[in-house]
Amino acid sequence: DAKTTQPTSMDCAEGRAANLPCNHSTISGNEYVYWYRQIHSQGPQYIIHGLKNNETNEMASLIITEDRKSSTLILPHATLRDTAVYYCIVSGYSSASKIIFGSGTRLSIRP
Amino acid sequence: GAVVSQHPSWVICKSGTSVKIECRSLDFQATTMFWYRQFPKQSLMLMATSNEGSKATYEQGVEKDKFLINHASLTLSTLTVTSAHPEDSSFYICSARAASGGPRSTQYFGPGTRLTVL
């Protein structure tokens, strides 16, 4: 599985867009980019995933560069409840593909 | 998204006893479930992959005789921590992936079980 590199921590003002970067330069052609977040003492929550096209859902947008070596998760209007550790993960799409967690980015939303 | 539950949400036990943790996919079938462990201020560490109807696959360094995994049906996997010791105290989290697999399948996580061994 390809590894990812994320900033250790970031902060963002409430109401502003939070942009979380991720580098995955060794991603292979059949691997997807997944984003999860973990709020303290809870299980990880799925946010979004994509292969090569940009994706948007009710939670966030995912922008993947054309060479697929990096991506950005965008939370359009951050709230205090978005404070969490955000994990960028690359993984295959088979039912047995593993999700391997790195250190993630600790995002703090300030009032 | 799909729902994965875990039971119990927390458990306290004496050293030397065994503890069973259940993981259920509530609204989908999962041929594959995964078990993770998380120590304070650390990331999640994959322990094993649980396959319905077959033996689990353990990650390097995880003792299969200590962490018994049973995946008896498409909606239930159990993790039994045998002869638990204080160093086994941790946050145990399971995840499940839809049986259909494919590009649209996503891995969903349970809420976790906090184990404290006295």
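All of these numbers come straight from a predicted model, not from anything done at the bench.

> Even after reading the chapter, I still don't get the overall build of chain A, so can you show me in this structure?
Looking only at helices and strands, chain A has 0 helices and 9 strands in total. For chain A, the succession of helices and strands along the chain, N to C, is β-β-β-β-β-β-β-β-β. Compactness check: chain A gives a C-alpha radius of gyration of 13 Å against a globular reference of 13 Å for 111 residues, within 12% of the reference. Evaluated residue by residue, chain A yields a buried proportion of 46% over its 111 residues.

> Teacher, can you tell me more about the side chain of glutamine 38 of chain A here?
Among the structural elements, glutamine 38 of chain A can be located in strand β3 (residues 32–38). At 2.8 Å, the side chain of glutamine 38 of chain A and the backbone oxygen of glutamine 42 of chain A are in polar contact. Excluding its chain neighbours within four sequence positions, the residues that come into contact with glutamine 38 of chain A are Gly43, Pro44, Ala84, Val85 and Tyr87 of chain A together with Gln38, Leu44, Phe91 and Ile93 of chain B.

> Which parts of the structure should I look at to understand unusual backbone geometry?
Most peptide bonds adopt trans geometry, and most residues besides glycine take a negative phi value. Residue and element names in this part refer to chain B. The linkage connecting histidine 7 with the following residue, proline 8, adopts the cis geometry, with an omega of 0 degrees. Structurally, the position occupied by proline 8 is in the loop between β1 (4–7) and β2 (10–13). Here lysine 41, not a glycine, exhibits a phi torsion of approximately 65 degrees, which is positive. Position of lysine 41 relative to the elements: it lies in the loop between β4 (32–38) and β5 (45–51). Given the relative accessible area of 89%, lysine 41 is considered exposed. Residue serine 83 is not a glycine yet carries a positive backbone phi of 45 degrees. Topologically, serine 83 is positioned in the loop between β8 (76–81) and β9 (90–97). Take serine 83: its relative accessible area is 34%, and that puts it in the partly exposed class.

> Is there a simple way to explain the pattern of salt bridges in this structure?
A side chain with one charge can pair with a side chain of the opposite charge if their charged atoms come near. For the coordinates displayed, the defined rule picks out 5 salt bridges over all chains. Two residues, arginine 110 of chain A and aspartate 11 of chain A, come together in a salt bridge whose shortest N-O distance is 2.2 Å. Within this pair, whereas arginine 110 of chain A is found in strand β9 (residues 105–110), its partner aspartate 11 of chain A is found in strand β1 (residues 9–13), the two being separated by 99 residues in sequence. The partner of glutamate 22 of chain B in a salt bridge is arginine 24 of chain B, with the nearest N and O atoms 3.5 Å apart. Its relative accessible area of 24% is what places glutamate 22 of chain B among the partly exposed residues.

> Just checking my understanding: could you explain the packing of aromatic side chains for this structure?
Each aromatic ring pair is characterised by the separation of its centres together with the angle its planes make. In total, this model carries 11 aromatic pairs over all chains according to the counting rule given. Aromatic pair tyrosine 36 of chain A and phenylalanine 109 of chain B: ring centres 5.2 Å apart, planes at 85 degrees, arrangement edge-to-face. Of this pair, tyrosine 36 of chain A sits in strand β3 while phenylalanine 109 of chain B sits in strand β10 (residues 107–109), placing the two residues on different chains. For the pair tyrosine 36 of chain A and phenylalanine 109 of chain B, a shared accessibility class is recorded, and that class is buried.

> Is there a simple way to explain the pairing of strand β11 (residues 113–117) of chain B in this structure?
Moving residue by residue along a regular strand, the side chains alternate between the two faces of the sheet. Residue and element names in this part refer to chain B. Only one face of β11 is buried: it carries Thr113, Leu115 and Val117, and the other face, with Arg114 and Thr116, is open. Judged from the 3 bridges that link them, β9 and β11 form a sheet pairing that is antiparallel. Looking at β11, one finds that phenylalanine 91 is bridged to arginine 114.

Cut-offs used in this document
Residues numbered from 1 in each chain as written. Chains lettered and ligands numbered in written order. Predicted model: local features only at pLDDT ≥ 70, side-chain atom pairs only at ≥ 80, totals over all residues. Heavy atoms only, no water. Helix = DSSP H or I, 4+ residues; strand = E, 2+ residues; numbered from the N terminus. Rg over C-alpha atoms; globule rule 2.2 N^0.38 Å. Buried < 20%, exposed > 50% of the residue type's maximum accessible area, 1.4 Å probe, protein only. Polar contact = N/O pair within 3.5 Å; in protein donor to acceptor, adjacent residues only side chain to side chain. Contact = heavy atoms within 4.5 Å. Salt bridge = Lys/Arg side-chain N within 4 Å of Asp/Glu carboxyl O. Phe/Tyr/Trp six-rings, centres within 6.5 Å; stacked < 30°, edge-to-face > 60°. Pairing = 2+ DSSP bridges.

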